[in-house]
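Inside the fold
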Amino acid sequence: MEDDFEQFIREFYHLTGLDLAMYKRQQMQRRLAAWGERLGYSTFQELSHAIHENPSLIHTLLDKMTINVSEFFRNRDRWNSLASHLSTLSSGSRLQIWSAACSTGEEPYTINILCKEHLKIDTRILATDIDEDVLQKANEAKYQAYQVREFNQQELNRYFDYGENVFTLKKEYKEGIVFKKHNLLSDTYPSNIDLIVCRNVLIYFTEEAKDLILHRFSQSLKSGGLLFLGSTEQLMQPFTYQLKSIAPFLYQKM
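Residues numbered from 1 in each chain as written. Predicted model: local features only at pLDDT ≥ 70, side-chain atom pairs only at ≥ 80, totals over all residues. Heavy atoms only, no water.

Glancing now at the side chain of E71. Structurally, E71 is set in the loop between α4 (57-65) and α5 (76-85). With sequence-adjacent residues up to four places away left out, E71 is seen in contact with E106, Y146, Q147, R149 and E150. (Helix = DSSP H or I, 4+ residues; strand = E, 2+ residues; numbered from the N terminus. Contact = heavy atoms within 4.5 Å.)

Spelled out as structure tokens, the structure:
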């Protein structure tokens, strides 16, 4: 089975340019094997053949590689901490923000809400993900009740139009966000960024891949810029990446 998976990794890389070897092997192999078995494929060789015959399976596979489950203000106390540090960002007339691995859009929209509530300057948000299907959903900005459960009734009325359990973000909170496909492992990173938000994503990568991504995040940030990570992604030696901890899971470029 191990050789079978190694061959699948090579063939998938040639087909998509995505290197599955940079993801935690045991976790990735187990998840993809379970998905393949549900489709009726007992080996990775059979799954690889199916993908060659039906390339549309790639989009479904990308969804299975990571758990695209998100919500507005997930771990709200962490977002409150970020909000209290937004005023430290001084970038003239406009802030440049990157929401990396944004999934279905809850995080970049959360950032936009925070900025509109706490800042008075223009904000531009680049929201990226490797999966085009979730980016399409993010553009639609339509959500279910569990995805907006952190909001109280007053906030729901302020930020959403809703009915029949569908909550559609109001137009003014979508403004200033551009969604774009991006591979954290191989694509060019944006530069001169004031704030990078990448939460609950690094846990899927090998230590080698995580180290590469963190170095590139640091290079993308302006001096004094902030990196906001998920609640399972604490950096034990942030100075390795020219960062210092200023709050739990919040780092500033030195």
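So, next bit.
Looking now at unusual backbone geometry. Here N200, not a glycine, exhibits a phi torsion of approximately 60°, which is positive. Structurally, N200 can be placed in the loop between β7 (193-198) and α9 (207-220).

Another aspect to go through is the packing of α5 against helix α6 (residues 106-118). How two helices sit against one another is set out by the angle between their axes and by the gap between those axes. Viewed as axis vectors pointing N to C, α5 and α6 meet at an angle of 45°, and their least axial separation amounts to 10 Å. Viewed along their axes, α5 and α6 adopt a mutual orientation that is oblique. In terms of crossing hand, the pair formed by α5 and α6 is right-handed. Contacts between α5 and α6 involve W79, L82 and A83 on the former and, on the latter, E107, T110, I111, L114 and H118. When the residues that make up the contact of α5 with α6 are grouped by side-chain class, the tally is five nonpolar, two polar and one charged. (Axes fitted to C-alpha atoms, helices over the stretch in contact; angles between N-to-C directions. Parallel < 35°, antiparallel > 145°, perpendicular 65-115°, else oblique. Left-handed = near helix turned anticlockwise from the far one by under 90°. Nonpolar A, V, L, I, M, F, W, Y, C, P; charged D, E, K, R; others polar.)

A few words on the pairing of strand β10 (residues 250-253). Neither face of β10 is exposed, since L250 and Q252 on one face and Y251 and K253 on the opposite face are all buried. Where strand β8 (residues 221-229) and β10 come together, three bridges link them in antiparallel fashion. For L226, the partnering residue across the bridge sits in β10 and is Q252. Of the pairings in the sheet, the one linking strand β9 (residues 243-247) to β10 comprises four bridges and is antiparallel in character. Looking at the pairing, A247 lines up with L250 of β10. The antiparallel pairing of β9 with β10 creates a hairpin that spans two residues between the two strands, and F249 there sits at a positive phi of about 65°. (Buried < 20%, exposed > 50% of the residue type's maximum accessible area, 1.4 Å probe, protein only. Pairing = 2+ DSSP bridges.)

Time to look at the sheet that holds β10. Overall, mixed pairing links the seven strands, which are arranged β6-β2-β1-β7-β8-β10-β9 in an open sheet. Here the strands that pair on one side only, and so sit at the sheet edges, are β6 (177-181) and β9. Going from strand to strand, the sheet's axes swing by 20° on average, the running direction of each strand aside. Examined bridge by bridge, strand β1 (residues 94-99) and β7 share three bridges and lie parallel to one another. Following the sheet pairing, I97 is matched in β7 by L195.

Right, let's get into the nonpolar core. Counting 43 residues, the largest nonpolar core has F8, L184, F217 and L227 as its most contacted members. Put simply, the parts of the chain that give this core at least two residues each are α1 (2-16), α2 (25-38), α3 (44-53), α4, β7, α9 and β8. In this structure F8 touches L20, L32, F44, L47, S48, I51 and L61, once residues within four positions along its chain are discounted. Listed in part, the 38 residues of the second largest apolar core include I125, A127, V148 and L169. (Core = buried A, V, L, I, M, F, W, Y, C linked by side-chain atoms within 4.5 Å.)

With that out of the way, let us pick up α9. Under the 1.5 Å per step criterion, the end-to-end length of α9 is 20 Å for 14 residues, consistent within 8% with the ideal 20 Å. Residues of α9 that are buried include every one of A209, I213, L214, F217, S218 and S220, and no others. (Expected span 1.5 Å × (residues − 1).)

It is worth spelling out the pattern of salt bridges at this point. With the rule as written, the count across this model stands at nine salt bridges. The shortest N-O distance in the salt bridge between E6 and R25 comes to 2.7 Å. Of this pair, E6 sits in helix α1 while R25 is found in helix α2, placing the two residues 19 residues apart along the sequence. Note on R25: relative accessible area 29%, which makes it partly exposed. Through salt bridges that share partners, R94, D122 and R124 make up one connected network. (Salt bridge = Lys/Arg side-chain N within 4 Å of Asp/Glu carboxyl O.)

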